[in-house]
Protein chains: 2
Amino acid sequence: MTKEEVKGSAEEEQQAAQSKKALKKQQKEAEKAAKKAEKQAKLAADQQTTEEDDFAQDRYGVCVLLQSQEKLDRSLVRVCELTPERAGQTVWVRARIHTSRAKGKQCFLVLRQQQFNVQALVAVGERASKQMVKFAANITKESIVDVEAVVQKVEQKIESCTQQDIELHVQRLFVVSQAEPRLPLQLEDAVRPEVEGEEEGRATVNQDTRLDNRVIDLRTTTSQAIFRLQSGVCQLFRDTLTKKGFVEIQTPKIISVFRAEDSNTHRHLTEFVGLDIEMAFNYHYHEVIDSITDTMVQIFKGLRDNFQTEIQTVGKQYPSEPFKFLEPTLRLEFKEAVALLRSAGVEMGDEEDLSTPNEKLLGRLVKEKYDTDFYVLDKYPLAVRPFYTMPDPHNAKYSNSYDMFMRGEEILSGAQRVHDAQLLTERALHHGIDLEKIKAYIDSFRYGAPPHAGGGIGLERVTMLYLGLHNVRQTSMFPRDPKRLTP
Amino acid sequence: MTKEEVKGSAEEEQQAAQSKKALKKQQKEAEKAAKKAEKQAKLAADQQTTEEDDFAQDRYGVCVLLQSQEKLDRSLVRVCELTPERAGQTVWVRARIHTSRAKGKQCFLVLRQQQFNVQALVAVGERASKQMVKFAANITKESIVDVEAVVQKVEQKIESCTQQDIELHVQRLFVVSQAEPRLPLQLEDAVRPEVEGEEEGRATVNQDTRLDNRVIDLRTTTSQAIFRLQSGVCQLFRDTLTKKGFVEIQTPKIISVFRAEDSNTHRHLTEFVGLDIEMAFNYHYHEVIDSITDTMVQIFKGLRDNFQTEIQTVGKQYPSEPFKFLEPTLRLEFKEAVALLRSAGVEMGDEEDLSTPNEKLLGRLVKEKYDTDFYVLDKYPLAVRPFYTMPDPHNAKYSNSYDMFMRGEEILSGAQRVHDAQLLTERALHHGIDLEKIKAYIDSFRYGAPPHAGGGIGLERVTMLYLGLHNVRQTSMFPRDPKRLTP
């Protein structure tokens, strides 16, 4: 706000602010329209000049909307395939304009395709006219182009690109899909480490801007790496369990009773993806704990062995210590955790649940003592668990239940389930639950049910914590929370 | 209703019916309680007799609730592993009582574990007392038992069991989880082919009874086979696409605008599992059709090659012709389909959508002419597709859209999507859609979007139609429709 705006009565102030706001909006729109008109005039002018005296007039332009007009017999080379072995070859590439820099008779472009990019040069000469270079320089960032170019080896490695040993010498250039000139965020800002932003005063992008413009934010190398690694988590989870003889099932999401949780935190979402395991066991629910921890260990190993590039990429923007785990997985009892916390000065009751800060503190204490970022906490107090949790057979205060933690945060909650309809009814009544509402659930145990246990893994949390990120919204493609339903 | 109930005024009638109903309920409950008491008395009596003069008293009984009291060092052999190679071995097996038949001093049990079962014999002799045989005969069907037995080869194949060459001679028998005596449906009725039920007047189970008691219905060999095959569809779908370079993503299910469809049909559910593909293409959306049809063909081949047992099992109850497909997949244009239908006497307009009966008829005509149960119908009239469908570039009446069919029913709807914000806006306005409501969607195309196409596959439909079933509720584990929200 300028000084002038602050004077006058509160009402005037409000009115002034409103009209100012409206005015600003109008100005902005007019500006936008003007820019668009200018742009179009420019392109038209370029095109006209082209038609008059441009020897390269057929070598560039804006394509008509691609509506599958024809089956073109032209193969496109992927950016990741542009290596020195292709030197001398003429190739067609489709990619986005990542950056563009005009300099006299040359225009340097960086062309991006998913997590890969390559330098391309449009230079006045045999292959391109000065109008063509100008055209290239005017293409908006993030537009998608088709480029015909000769692959050339370079003397000095191009450090800013993934394809460091070659560049493309462009001889044809067509815009397939134009981006609006003003981007709501810049990709280079979106991958800048916060520290660099703070220390060097350079722009970074805040989370709401990212999420409001998620389709652009998802194009960054960091996002690309996060979601490729996440798909790895899903695949490793299923492959491990399929090998163990599990059958994948799809459960209904529409149910008559929902569980409401506080979603206004860094680690809760209104909607999340649950990787759930339920398993009949023979004599002891630790058989199930062992199966789940082994599955997690297989996931950690698979990520470590097959997703190093992704881990490194995310680490550039969000540095973190490599994820550590033990084999076999460390299992502590709740009692032991309480003792550890008390020895660190925490005051808490025997049957009190862990608060989030205490969970995190416990994570640090466990890491110090056992050097692991993954462990199981077993035998929670019965009082803090849901009604369907099997009580401990030896001590009525405790239960056959467990949580699993990564870097001090819960990623799985599980338990031996009560498989006896009568005990289940008693436990539900004890919790003051309306039996009518869970009738179908209780009835399902009336016709013989094997002893079983299980747990639900939060996919977004596993991805977040494995990578050492700090907000679960980064690992949900289109996160939903009490304040966000779109995009 | 008996004759007596129909007389009197409407009010009286209603009252009478109500009190009759209440009475019946009371009677039923009393009956149930009496039976339970009788049962308990019987078990207690057995137990007492046992304690008095039973040499086998420690060899059988009802276990206390399994609460993970101890880590028993006893390995359980799976029913499918009970083969002649184990003859002479003493094994422990946990399984359900599938059927039980007492005959003098013997009791024959069929023990079931998932899709496998085996015959077990409890006979008065060295291994069992007459009290133990009686106890065995009284165990309710579907109860889960632990059995210690000697594996014995049999002379004559046991045709009614999957393990046909051996039987178990029981020497210990403990009930782990008791089923209530009265089952809401019998498993043997639930797998009986309808024809057999009709022709021989034997009991079958109607769909509502099945779904009301889905936890029992899911135990039949048919259900076991259906859902094992369905997990195969998911796995083949993902494996094929992962190999092609696709990345698995999780989309939000909570969105601001839902699409409402009539779910009161044999092939609609309120909730279904969608296997969705979106793919950027180079020049023509047929590249995407080819990718999807190839994926479907890989699924069909994988099912044919790896799920024959499941296909045969389902076929016993629901006979159908083996699923046929061509390579490459047959692709017809909508126009051709209209011509085919007209030649069969159907009257319909050029731009009219296919009705469900016409879809089915078309399926039969295509099967006759091309001998395939799977084909693509391409180039639907623009008027019958959603606003985001790309118009055909050569004929404004048509569109770059397609459906895929299995046995004459739609399993996928797809199209080239409009990737240009301006055209998308025009098309939305044309359809009378409130732009504010789809703002986030349209905005996502403002910053450069590649030409792309895709489609959504209905998992339950693929399973249903591949197996030649007739209701999609059979292939949804806990189906949801306008009349069903539980179990």
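Residues numbered from 1 in each chain as written. Chains lettered and ligands numbered in written order. Predicted model: local features only at pLDDT ≥ 70, side-chain atom pairs only at ≥ 80, totals over all residues. Heavy atoms only, no water.

- Within an unreviewed UniProt entry, the label attached to chain A reads Aspartate--tRNA ligase, cytoplasmic, and the organism entered is Pangasianodon hypophthalmus.
- The annotation that UniProt attaches to chain A under Catalytic activity (unreviewed entry) is "tRNA(Asp) + L-aspartate + ATP = L-aspartyl-tRNA(Asp) + AMP + diphosphate".
- Under Subunit (unreviewed entry), UniProt gives the following word-for-word description of chain A: "Homodimer. Part of a multisubunit complex that groups tRNA ligases for Arg (RARS1), Asp (DARS1), Gln (QARS1), Ile (IARS1), Leu (LARS1), Lys (KARS1), Met (MARS1) the bifunctional ligase for Glu and Pro (EPRS1) and the auxiliary subunits AIMP1/p43, AIMP2/p38 and EEF1E1/p18." (UniProt positions renumbered as here; feature names shortened; annotations may be inferred.)

1. A look at the overall build of chain A
- The number of helices and strands found in chain A is 15 helices and twelve strands.
- Partitioning the intrachain contacts of chain A with sequence separation of at least 6 by distance along the chain shows that 70% fall at a separation of at least 24.
- Within the structure as shown, chain A displays about 24,700 Å² of accessible surface, and the carbon and sulfur contribution to it stands at 49%. (Helix = DSSP H or I, 4+ residues; strand = E, 2+ residues; numbered from the N terminus. Contact = heavy atoms within 4.5 Å. Areas by Shrake-Rupley, 256 points an atom, 1.4 Å probe, with all protein chains shown as cover.)

2. Some remarks on the packing of helix H7 (residues 221-243) of chain B against helix H8 (residues 286-306) of chain B
All names here are of chain B.
- Between H7 and H8, the least distance of the axes is 9 Å, while the angle of their chain directions is 135°. Taken together, the axis directions place H7 and H8 in an arrangement best described as oblique. You can see that H7 and H8 cross each other, and the crossing is right-handed. In contact with Leu 229, Gly 232, Val 233, Leu 236, Phe 237, Thr 240 and Leu 241 of H7, H8 contributes Thr 295, Gln 298, Ile 299, Gly 302 and Leu 303.
- The class makeup of the residues in the contact of H7 with H8 is seven nonpolar, five polar and no charged. (Axes fitted to C-alpha atoms, helices over the stretch in contact; angles between N-to-C directions. Parallel < 35°, antiparallel > 145°, perpendicular 65-115°, else oblique. Left-handed = near helix turned anticlockwise from the far one by under 90°. Nonpolar A, V, L, I, M, F, W, Y, C, P; charged D, E, K, R; others polar.)

3. Structural notes on empty space enclosed by the protein
Residues and elements named next belong to chain B.
- Per the counting criterion, the structure on display carries five cavities of 30 Å³ or more.
- Estimated volume of the largest cavity: approximately 110 Å³.
- Around the largest cavity, the lining comprises 14 residues; the ones closest to its centre are Arg 210, Arg 214, Asp 217, Ser 223 and Gln 474.
- Of all the secondary structure elements, the ones that give two or more residues to the lining of the largest cavity are helix H5 (207-212), helix H6 (214-217) and H7.
- Residue classes in the lining of the largest cavity are distributed as four nonpolar, six polar and four charged. (1 Å grid on protein atoms, 1.4 Å probe; cavity = no way out; pocket = protein on both sides within 12 Å on 5 of 7 lines; lining within 4 Å. Points joined across faces, edges and corners; volume = space filled by probe spheres on them.)

4. Details of the packing of aromatic side chains
All names here are of chain A.
- Inspection of every chain in the model, using the stated rule, returns 26 aromatic pairs over all chains.
- Residues Tyr 60 and Phe 135 carry aromatic rings whose centres are separated by 5.1 Å and whose planes lie at 45° to one another, so their mutual orientation is tilted. Here Tyr 60, found in strand S1 (residues 60-62), pairs with Phe 135, found in helix H3 (residues 130-138); they are 75 residues apart in sequence, far enough to count as distant.
- Tyr 60 gets classed as buried once you look at its relative accessible area, which sits at 2%.
- Residues Tyr 441 and Phe 445 carry aromatic rings whose centres are separated by 5.2 Å and whose planes lie at 75° to one another, so their mutual orientation is edge-to-face. (Phe/Tyr/Trp six-rings, centres within 6.5 Å; stacked < 30°, edge-to-face > 60°. Buried < 20%, exposed > 50% of the residue type's maximum accessible area, 1.4 Å probe, protein only.)

5. Quick word on the interface of chain B and chain A
- In this assembly, 77 residues from chain B lie in contact with 77 residues from chain A.
- Taking both partners together, chain B and chain A bury about 6,500 Å²; carbon and sulfur atoms supply 59% of that area.
- Summed over the three residues of chain B that lose the most area to chain A, namely Gln67(B), Tyr283(B) and Tyr447(B), the buried surface amounts to 13% of that side.
- Where chain B touches chain A, the interface holds four salt bridges.
- Put simply, chain B and chain A have 44 residue pairs in polar contact (both at pLDDT 80 or more) between them.
- Secondary structure elements with two or more residues in the side of chain B that touches chain A: strand S2 (90-103), strand S5 (144-153), strand S6 (166-177), H6 and H7 of chain B.
- The greatest single-element share of the side of chain B that touches chain A, amounting to seven residues, is contributed by H7(B).
- Classifying every residue of the side of chain B that touches chain A by side-chain character gives 36 nonpolar, 21 polar and 20 charged. (Buried area = accessible area lost by both parts, 1.4 Å probe. Salt bridge = Lys/Arg side-chain N within 4 Å of Asp/Glu carboxyl O. Polar contact = N/O pair within 3.5 Å; in protein donor to acceptor, adjacent residues only side chain to side chain.)

6. A few points about the sheet that holds strand S9 (residues 374-378) of chain A
Residue and element names in this part refer to chain A.
- The mixed open sheet is built from six strands, whose spatial order is S7-S12-S11-S10-S9-S8. Edge positions in the open sheet fall to strand S7 (274-280) and strand S8 (330-333), since each of these has one partner strand only. Each adjacent strand pair in this sheet contributes to an overall mean axis angle of 20°, direction not counted.
- Inspection of the sheet shows strand S11 (residues 409-416) paired to strand S12 (residues 452-458) by five bridges, in the antiparallel sense. Along S12, the bridge assignment pairs Gly 414 with Gly 455.
- With respect to the sheet, helix H9 (residues 286-306) is in contact with S7, S8, S9, strand S10 (401-406), S11 and S12, its orientation differing from that of S10 by roughly 15°. (Pairing = 2+ DSSP bridges.)

7. Description of the relation of the copies chain B and chain A
- With an RMSD of 0.1 Å, the fit of chain B onto chain A corresponds to turning through 180° and sliding 0.0 Å along the axis. When the rotation and shift are considered jointly, the pair of chain copies conforms to a two-fold rotation axis.
- With an isologous cut-off of 70% or more, the 100% of interface residues of chain B that recur at the interface of chain A puts this contact in the isologous class. (Least-squares fit on C-alpha atoms with pLDDT ≥ 70 in both.)

8. Things to note about helix H11 (residues 356-370) of chain B
Residue and element names in this part refer to chain B.
- Its 15 residues give H11 an end-to-end C-alpha distance of 21 Å, which sits within 8% of 21 Å, the value for a rise of 1.5 Å per residue.
- Within H11, the full set of buried residues consists of Asn 358, Glu 359, Leu 362, Gly 363, Leu 365 and Val 366.
- Looking at the packing, one finds that the buried side of H11 touches strand S8 (330-333), helix H10 (334-343), strand S9 (374-378), strand S10 (401-406) and strand S11 (409-416). (Expected span 1.5 Å × (residues − 1).)

9. Some points on the side chain of Ser143(A)
- Take Ser143(A): it is sitting in the loop between H3 and strand S5 (144-153).
- Not counting chain neighbours up to four residues away, the residues in contact with Ser143(A) comprise Ala95(A), Arg96(A), Ile97(A), Ser177(A), Gln178(A) and Ala179(A).

10. A few points about the packing of helix H8 (residues 221-243) of chain A against helix H10 (residues 308-317) of chain A
Residue and element names in this part refer to chain A.
- At a minimum axis separation of 8 Å, H8 and H10 run at an interaxial angle of 140°. Considered as vectors, H8 and H10 are oriented oblique to each other. Considering the relative orientation of H8 and H10, their crossing is left-handed. In this structure, H8 contributes Thr 221, Thr 222, Ala 225, Ile 226, Arg 228 and Leu 229 to the contact, and H10 contributes Glu 310, Ile 311, Thr 313, Val 314 and Gln 317.
- The residue inventory of the contact of H8 with H10, partitioned by class, reads five nonpolar, four polar and two charged.

11. Structural notes on the pairing of S9(B)
Residues and elements named next belong to chain B.
- When you tally the buried positions in S9, you get five out of five residues, the bulk of the element.
- Side chains Phe 374, Val 376 and Asp 378 of S9 all project onto a buried face; the interleaved residues Tyr 375 and Leu 377 project onto the opposite face, where all are buried too.
- Both S8 and S9 contribute to a ladder of four bridges, which runs parallel. Directly across from Leu 332, in S9, lies its bridge partner Leu 377.

12. Observations concerning the sheet that holds strand S7 (residues 274-280) of chain B
Residue and element names in this part refer to chain B.
- On the basis of which strands lie adjacent, the open sheet formed by six strands has the order S7-S12-S11-S10-S9-S8 and mixed pairing. Two strands lie at the open edges of the sheet, namely S7 and S8, each paired on one side alone. In this sheet, neighbouring strand axes are inclined to one another by 20° on average, regardless of whether the strands run parallel or antiparallel.
- Looking at chain direction, S9 and S10 are connected through five bridges and run antiparallel. By the bridge assignment for S10, Tyr 375 is matched with Phe 405.

13. Points about the nonpolar core
Residue and element names in this part refer to chain B.
- Core analysis: the largest hydrophobic core is formed by 55 residues, its most contacted members being Met 296, Phe 374, Tyr 402, Met 404, Met 406 and Ile 411.
- With nine residues, H7 is the single largest residue contributor to this core.
- Ignoring sequence-local partners within four residues, the contact set of Met 406 consists of Met 296, Phe 300, Phe 323, Asp 373, Phe 374, Ile 411, Val 462, Leu 465 and Tyr 466. (Core = buried A, V, L, I, M, F, W, Y, C linked by side-chain atoms within 4.5 Å.)

14. Points about the environment of Gln119(B)
Residue and element names in this part refer to chain B.
- Summarising the element assignment, Gln 119 is placed in strand S4 (residues 116-123).
- For Gln 119, a relative accessible area of 14% corresponds to the buried category.
- C-alpha separation for the pair Gln 119 and Gln 163, spaced 44 residues apart in sequence, amounts to 7.9 Å.
- For Gln 119, the side chain forms a polar contact with the side chain of Glu 167, separated by 2.8 Å.

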